[in-house]
Amino acid sequence: DAKTTQPTSMDCAEGRAANLPCNHSTISGNEYVYWYRQIHSQGPQYIIHGLKNNETNEMASLIITEDRKSSTLILPHATLRDTAVYYCIVRVASNFGNEKLTFGTGTRLTIIP
Amino acid sequence: GAVVSQHPSWVICKSGTSVKIECRSLDFQATTMFWYRQFPKQSLMLMATSNEGSKATYEQGVEKDKFLINHASLTLSTLTVTSAHPEDSSFYICSARATNNYGYTFGSGTRLTVV
């Protein structure tokens, strides 16, 4: 199963772009990269996912390197409400054929006023 | 968008009793649901995967007789913590995946405190 590596914590000034890196050097060709975030004492919130092309939605942009070994989540204009733990996840297939999301330790992003 | 409702949001129970947590997909059918547990300052740990109409698949180290999972319909899965003990106190979160959809939606979680 492909695993991910993220920095433990990051700070970003309010109003600036927050760039969160993720390494997934063992990713397989058919595995997607998902990003979720978890605000304290809530369930994770879906942000974005992609396979190999860059993706953008109303929340963020996802930049995946050409070799797919790493990606960056970009929050274009960070606000205080973006303070959360951000998880980069590679979707795996279990031995029983059920596709599950396995969470790593994530990056604790703190937006500084 | 897809919404997953989890109930209760918090519960306190006495040691030795059982607690049932419900996870409902409100606007989509979920062939697969996942149950996670999260201890303070830790990441989410997958406990089990349940598929509608069949037995749940438990992760290694999770006691299936203690954490009973039922996924009787395409919109409801339940997790019952049997004979709860203080060490079972945790944040339990469910997730549902829609039929023919690669998206995963999470519930808001249930904080269980066993006293």
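Residues numbered from 1 in each chain as written. Chains lettered and ligands numbered in written order. Predicted model: local features only at pLDDT ≥ 70, side-chain atom pairs only at ≥ 80, totals over all residues. Heavy atoms only, no water.

(A) Fine view of the interface of chain A and chain B. If you look at the interface, chain A gives 19 residues, while chain B gives 20 residues. Buried surface at the junction of chain A and chain B, both sides included, amounts to about 1600 Å², of which 52% is carbon and sulfur. At the boundary of chain A with chain B, the tally comes to 1 salt bridge. For the salt bridge of Lys 100 of chain A with Glu 59 of chain B, the shortest nitrogen-to-oxygen distance reads 3.1 Å. Elements that contribute at least two residues to the side of chain A that touches chain B include exactly β3 (33-38) and β10 (99-100) of chain A. At 3 residues, the largest contribution of residues to the side of chain A that touches chain B is made by β3 of chain A. (Contact = heavy atoms within 4.5 Å. Buried area = accessible area lost by both parts, 1.4 Å probe. Salt bridge = Lys/Arg side-chain N within 4 Å of Asp/Glu carboxyl O. Helix = DSSP H or I, 4+ residues; strand = E, 2+ residues; numbered from the N terminus.)

(B) Focus on the environment of Glu 63 of chain B. Residues and elements named next belong to chain B. Mapped onto the secondary structure, Glu 63 falls in the loop between β6 (57-58) and β7 (67-73). The exposure class assigned to Glu 63 is exposed, which follows from its relative accessible area of 52%. Along the chain, Glu 63 and His 85 lie 22 residues apart, while their C-alpha atoms are 14 Å from each other. (Buried < 20%, exposed > 50% of the residue type's maximum accessible area, 1.4 Å probe, protein only.)

(C) A look at the state of the cysteines. Residue and element names in this part refer to chain A. In total, this model carries 2 disulfides over all chains according to the counting rule given. Here Cys 22 is linked by a disulfide to Cys 88, with a sulfur-sulfur distance of 2.1 Å. The S-S bond linking Cys 22 to Cys 88 shows a torsion near -80 degrees; that makes this disulfide left-handed. In this pair, Cys 22 sits in strand β2 (residues 18-23) while Cys 88 sits in strand β8 (residues 84-90), placing the two residues 66 residues apart along the sequence. (Disulfide = S-S within 2.5 Å.)

(D) Looking closely at the sheet that holds strand β3 (residues 19-25) of chain B. All names here are of chain B. Pairing within the open sheet is antiparallel, and its 4 strands lie in the order β1-β3-β8-β7. Sheet topology places β1 (4-7) and β7 at the edges, where each strand pairs with a single neighbour. On average, adjacent strands in this sheet sit at an angle of 15 degrees to one another, irrespective of strand direction. As paired strands, β3 and strand β8 (residues 76-81) are joined by 6 bridges and run antiparallel to one another. Residue pairing across strands places Lys 20 opposite Thr 80, the latter belonging to β8. (Pairing = 2+ DSSP bridges. Axes fitted to C-alpha atoms, helices over the stretch in contact; angles between N-to-C directions.)

The values are spatial; any link to function lies outside them.
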